[in-house]
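Structural overview
Letter by letter, the chains look like this.
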Amino acid sequence: MPKTLLNPNESLAIIQKVVLSTRQDYHIKRKFYILWGLLIAIASFSQYAIQLNLIPLPWYSPWIFFPGIGFILSIIWGLSSKKSSLSYYNHFVLTMWFTLYIAMGLSLFVALFNEISPFPYLLICVGTGTNISGFLMKNRIFIISGIMLGLGAIYCLFIPFHQQLLLNGTCMIVGNVLPNLITHHV
Amino acid sequence: MFNELDPLLNSPVRLAIMSILLTVKHAHFNDLLKETQTTQGNLSHQLKKLHEAQYIYIEKTYKNNYPLTIISLSEKGKIAFETYVENIKKYLHLNENNT
């Protein structure tokens, strides 16, 4: 048999080796999640400072300025990044987070329209995404973070608005930014 | 003994390419080059064969003035790969319960 042909055992070995190594090699680019987690946290803390009259700005200004930075940086990074192959897993996770970001934007709009706090809804969205990512990755840190964000959403209902700002910022850093910083591989 | 195995897939590089494409939505040429550990010329040659058999789609585009080749599995390729794996299982006397 020519060397270029395979017997079934060799074929199976190649398929197994390639599939396993491919799954290990494709990572999610976490910088987007870290960026947005940080920006939402900073926006929350900034609004808290505005509420305490420490910063003389309109209350809504952090929610225009910081997400604005996020959009610009995301577009620049997205356009300039070296594109790599896209696994089905990463495709699913990216689509999920894209949908959740739209849900967060709509929640924010609905909450502001009804003059209620948006933070429980934001934390539920981020918590849901983090939890699903954690279960898919079989990563306990993300699963626990997702649960923590969900508990934070419930706790928001029992505290005044200005404390919700601090809680939201803290949850974003502890439940979103830190897990993405300390977890290197999918 | 191996007559029933798809001759197009019964080669190391082409089988590796198809296995990778099964796990990704799409792959870039350089990623396939890295994963298959073959030469650029050989990879191009094997991709051309798979493309001619309509097992894969090849999209050639540009990114930052550099050529970018994006490869993905076609429905025909997916069915061919599944049939190939089923045939291997038969040869090895494997079934769903003991794989």
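- An unreviewed UniProt entry annotates chain B as ArsR family transcriptional regulator of Aquirufa rosea.

**Describing the overall build of chain B**
- Secondary structure assignment for chain B yields four helices and three strands.
- Counting from the amino terminus, chain B carries its helices and strands in the arrangement α-β-α-α-β-β-α.
- Counting the 99 residues in chain B, one finds 51% classified as buried.
- When contacts within chain B are restricted to residue pairs at least 6 apart in sequence, long-range pairs at least 24 apart make up 52% of them.
- Counting only carbon and sulfur atoms, one obtains 49% of the accessible surface of chain B, whose full area is about 5,800 Å².

**Brief notes about the UniProt feature "transmembrane region" (unreviewed entry) in chain A**
Residue and element names in this part refer to chain A.
- As recorded in UniProt, the feature "transmembrane region" (unreviewed entry) lies at residues 32-50, 62-80, 92-113, 119-136 and 141-161.
- When the span residues 32-50 is considered, its composition is 100% helix and 0% strand, and the gap between its end C-alpha atoms is 27 Å.
- Between the C-alpha atoms that bound residues 141-161 the distance is 28 Å, and the span itself is 81% helix and 0% strand.

**With respect to helix α4 (residues 75-91) of chain B**
- End to end, α4(B) covers 25 Å across 17 residues, agreeing with the expected 24 Å (1.5 Å per residue, within 8%).
- Downstream of α4(B) by a residue or two, His93(B) has a phi angle that is positive, lying close to 60°.

**Considering a nonpolar patch on the surface**
Residues and elements named next belong to chain A.
- There is a patch of nonpolar side chains on the surface, built from Ile141, Val174, Leu178, Leu181 and Ile182 and spanning about 410 Å² of accessible area.
- The dominant element in the nonpolar patch, judged by the number of residues it contributes, is helix α7 (residues 161-182), at four residues.
- With respect to the helices and strands, leucine 181 occurs in helix α7.
- Residue leucine 181 is classed as partly exposed on the basis of its relative accessible area of 45%.

**Things to note about the pairing of strand β2 (residues 56-63) of chain B**
Residue and element names in this part refer to chain B.
- Bridging between β2 and strand β3 (residues 66-73) involves eight bridges; their strand directions are antiparallel. Each bridged residue has a counterpart across the sheet, and for isoleucine 58 the counterpart in β3 is isoleucine 71.
- Counted between consecutive antiparallel strands, the loop separating β2 from β3 contains two residues, among which asparagine 64 sits at a positive phi close to 50°.

**A few points about the environment of Leu32(B)**
All names here are of chain B.
- Counting through the fold element by element, leucine 32 comes out in helix α2 (residues 29-36).
- C-alpha separation for the pair leucine 32 and isoleucine 71, spaced 39 residues apart in sequence, amounts to 9.0 Å.
- Among residues more than four places away in sequence, those in contact with leucine 32 are Ile17, Ile20, Ala27, Gln37, Leu43, Leu47 and Ile71.

**With respect to the side chain of Ser19(B)**
- In this structure, Ser19(B) sits in helix α1 (residues 12-23).
- You can call Ser19(B) buried: its relative accessible area is 0%.
- At 2.7 Å, the side chain of Ser19(B) and the backbone oxygen of Leu15(B) are in polar contact.
- With near-sequence residues (within four places) excluded, Ser19(B) lies in contact with Ile15(A), Val18(A), Val19(A) and Phe81(B).

**Side note on the interface of chain B and chain A**
- Residue-level contacts link 28 residues of chain B with 28 residues of chain A.
- Between chain B and chain A, roughly 2,400 Å² of surface is buried when both sides are summed, and carbon and sulfur atoms account for 65% of that area.
- Among the residues chain B hides against chain A, the three largest losses belong to Thr23(B), Lys25(B) and Glu35(B). Together they make up 22% of the total.
- Across the contact surface, chain B and chain A share zero salt bridges.
- Secondary-structure elements contributing two or more residues to the side of chain B that touches chain A are α1, β1 (24-28), α2 and α4 of chain B.
- The element best represented in the side of chain B that touches chain A is α1(B), accounting for seven residues.
- Across the side of chain B that touches chain A, the residue classes tally to 16 nonpolar, seven polar and five charged.

**Some remarks on the side chain of Ser117(A)**
Residue and element names in this part refer to chain A.
- Assignment of secondary structure puts serine 117 in the loop between α4 (88-113) and α5 (119-137).
- Given a relative accessible area of 16%, serine 117 falls into the buried group.
- There is a polar contact of 3.3 Å between the side chain of serine 117 and the backbone nitrogen of phenylalanine 119.
- For serine 117, the side chain forms a polar contact with the side chain of glutamine 164, separated by 2.3 Å.
- Dropping the residues within four chain positions of it, serine 117 is found in contact with Ala111, Phe161 and Gln164.

**Looking at α7(A)**
Residue and element names in this part refer to chain A.
- Counted at 1.5 Å a residue, the expected span for α7 with its 22 residues is 32 Å, and the 31 Å between its end C-alpha atoms agrees.
- The largest bend in α7 is about 30°, located at isoleucine 173.
- Looking at the buried residues of α7, the elements they touch are α2 (31-51), α3 (61-80), α5 and α6 (140-156).

**A closer look at the state of the cysteines**
Residues and elements named next belong to chain A.
- Applying the stated criterion across every chain, the model contains zero disulfides over all chains.
- The thiol of cysteine 171 is not disulfide-bonded; the next cysteine sulfur, from cysteine 156, is found 6.9 Å away.
- According to the relative accessible area criterion, cysteine 171 is buried, its value standing at 5%.

Quick notes on the rules
- Residues numbered from 1 in each chain as written.
- Chains lettered and ligands numbered in written order.
- Predicted model: local features only at pLDDT ≥ 70, side-chain atom pairs only at ≥ 80, totals over all residues.
- Heavy atoms only, no water.
- Helix = DSSP H or I, 4+ residues; strand = E, 2+ residues; numbered from the N terminus.
- Buried < 20%, exposed > 50% of the residue type's maximum accessible area, 1.4 Å probe, protein only.
- Contact = heavy atoms within 4.5 Å.
- Areas by Shrake-Rupley, 256 points an atom, 1.4 Å probe, with all protein chains shown as cover.
- UniProt positions renumbered as here; feature names shortened; annotations may be inferred.
- Expected span 1.5 Å × (residues − 1).
- Patch = residues over 30% accessible without salt bridge, like charges linked within 9 Å, V, L, I, M, F, W, Y side chains within 5 Å.
- Salt bridge = Lys/Arg side-chain N within 4 Å of Asp/Glu carboxyl O.
- Pairing = 2+ DSSP bridges.
- Polar contact = N/O pair within 3.5 Å; in protein donor to acceptor, adjacent residues only side chain to side chain.
- Buried area = accessible area lost by both parts, 1.4 Å probe.
- Nonpolar A, V, L, I, M, F, W, Y, C, P; charged D, E, K, R; others polar.
- Bend = angle between axes of the 7 residues up to and from the residue.
- Disulfide = S-S within 2.5 Å.

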